[in-house]
Amino acid sequence: MLQESQQPRYDEGFVDVVGARVYYLHAGSGRPMLLIHGLIGSSANWRNNIDALARHASVYAIDLVNMGKSQRVGGLDAGLRATAKRIVAIMDALNLAEADIVAHSHGGAVALMLAAMYPRRVRRLILFAPANPYCRSCDPVVRTYCTPLGEFLAWMLPYLPTQIQRVALGEVYGGVDRVVDRCLQEIVNGLRSPITMRHVLCIMRCWFSERAKLKTALRRVRRIPTLLVWGDRDCTVSLSSAAKLKRKLRGSELVVLPGAGHAVFEESPEESNRIMLEWLDRHSMATPPLRDQPRAGAVGRKSRGRAAIRHLSHGT
């Protein structure tokens, strides 16, 4: 069983954006950094990374709408472009003109689309096994969950015996012994929300068309400094796709951790933190602040967002 690090001290809050309350964690000061979780994850996935990163940056870990502690909104557009637009709205509400983006899995695909659509909002990218147009390893699973039987199994999964859930999640983590009890319970609790489950299934149903859109959009991300981090036991997003993605992203570097699965930053947090901080130090960007001005109405949205923030002290 993996041992969890001592939980860091951070602030919790909410901002109101696009008709939903979005939850976030915040720690540190300096240049902003935004952490985006994977498909069935939450900001809690970064609990063993926030403290290290916050010593060098102002870190915000968000729960996407319909995930974690953020509000559930039925019928939400689950596409990559729509999700990227919501993240920009969150950045506006938090008064972040730009940020380094750290993302995982499906969140990595969202981050790539975000960088393509809003390049001036993204300074650097750190992507842990991002879903990408060159990966085919998860295609059979996606197709299965798009069938009536697969959808039935998806609805049943959160209520199956814990041991079966652990085996299923072990495929993601690179081994059953790597699954932390709390991480398993957080995923199961999230999937027990009908709106969350429908949202996840919607992402799967539109994934192939969204993948094609992302492939076209990647040409606009080529020169953004990017760190790609993969585990060599990743059964979800194939390591073979990493090499193809690296060639496409000319400003990228690839680091592979032996023995790690799909969630490298959770499985090996200390090593992941070291890799991220060393790369950020080598790719420090002494650039002037962006000259982008808020669009009409943006100031009002930010003011409303800040007014809606509810801070709670957190730490154990």
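Note: the structure precedes this text.
Here is a short report on the structure shown in this document. (Residues numbered from 1 in each chain as written. Predicted model: local features only at pLDDT ≥ 70, side-chain atom pairs only at ≥ 80, totals over all residues. Heavy atoms only, no water.)

## Some points on the packing of helix H2 (residues 80-93) against helix H3 (residues 106-117)
Consideration 1: Contact pair H2 / H3: the axes reach a minimum separation of 9 Å and the direction vectors enclose 75°. In terms of their interaxial angle, H2 and H3 are classed as roughly perpendicular. Facing H2, whose interface residues are Leu-80, Arg-81, Thr-83, Ala-84, Lys-85, Ile-87 and Val-88, H3 presents His-106, Ala-109, Val-110, Met-113, Leu-114 and Met-117.
Consideration 2: In terms of residue class, the contact of H2 with H3 is built from 9 nonpolar, 2 polar and 2 charged. (Axes fitted to C-alpha atoms, helices over the stretch in contact; angles between N-to-C directions. Helix = DSSP H or I, 4+ residues; strand = E, 2+ residues; numbered from the N terminus. Parallel < 35°, antiparallel > 145°, perpendicular 65-115°, else oblique. Contact = heavy atoms within 4.5 Å. Nonpolar A, V, L, I, M, F, W, Y, C, P; charged D, E, K, R; others polar.)

## Remarks on the pattern of salt bridges
Consideration 1: By the definition in use, this model includes 15 salt bridges.
Consideration 2: Across the pair Arg-123 and Glu-98 runs a salt bridge whose closest N-O atoms are separated by 3.7 Å. Taken as a pair, Arg-123 in strand S6 (residues 122-128) and Glu-98 in the loop between H2 and strand S5 (99-104) lie far apart in primary sequence, 25 residues in all.
Consideration 3: Since its relative accessible area comes to 5%, Arg-123 is described here as buried.
Consideration 4: With a shortest N-O distance of 3.0 Å, Glu-278 and Arg-274 are connected by a salt bridge. Within this pair, Glu-278 and its partner Arg-274 are both found in helix H12 (residues 269-282), separated by 4 residues, close to a single helical turn.
Consideration 5: Since its relative accessible area comes to 43%, Glu-278 is described here as partly exposed.
Consideration 6: Beyond isolated ion pairs, a larger network of salt bridges with shared partners links Arg-31, Glu-98, Asp-100, Arg-123 and Arg-124. (Salt bridge = Lys/Arg side-chain N within 4 Å of Asp/Glu carboxyl O. Buried < 20%, exposed > 50% of the residue type's maximum accessible area, 1.4 Å probe, protein only.)

That is the geometry; function is a separate question.
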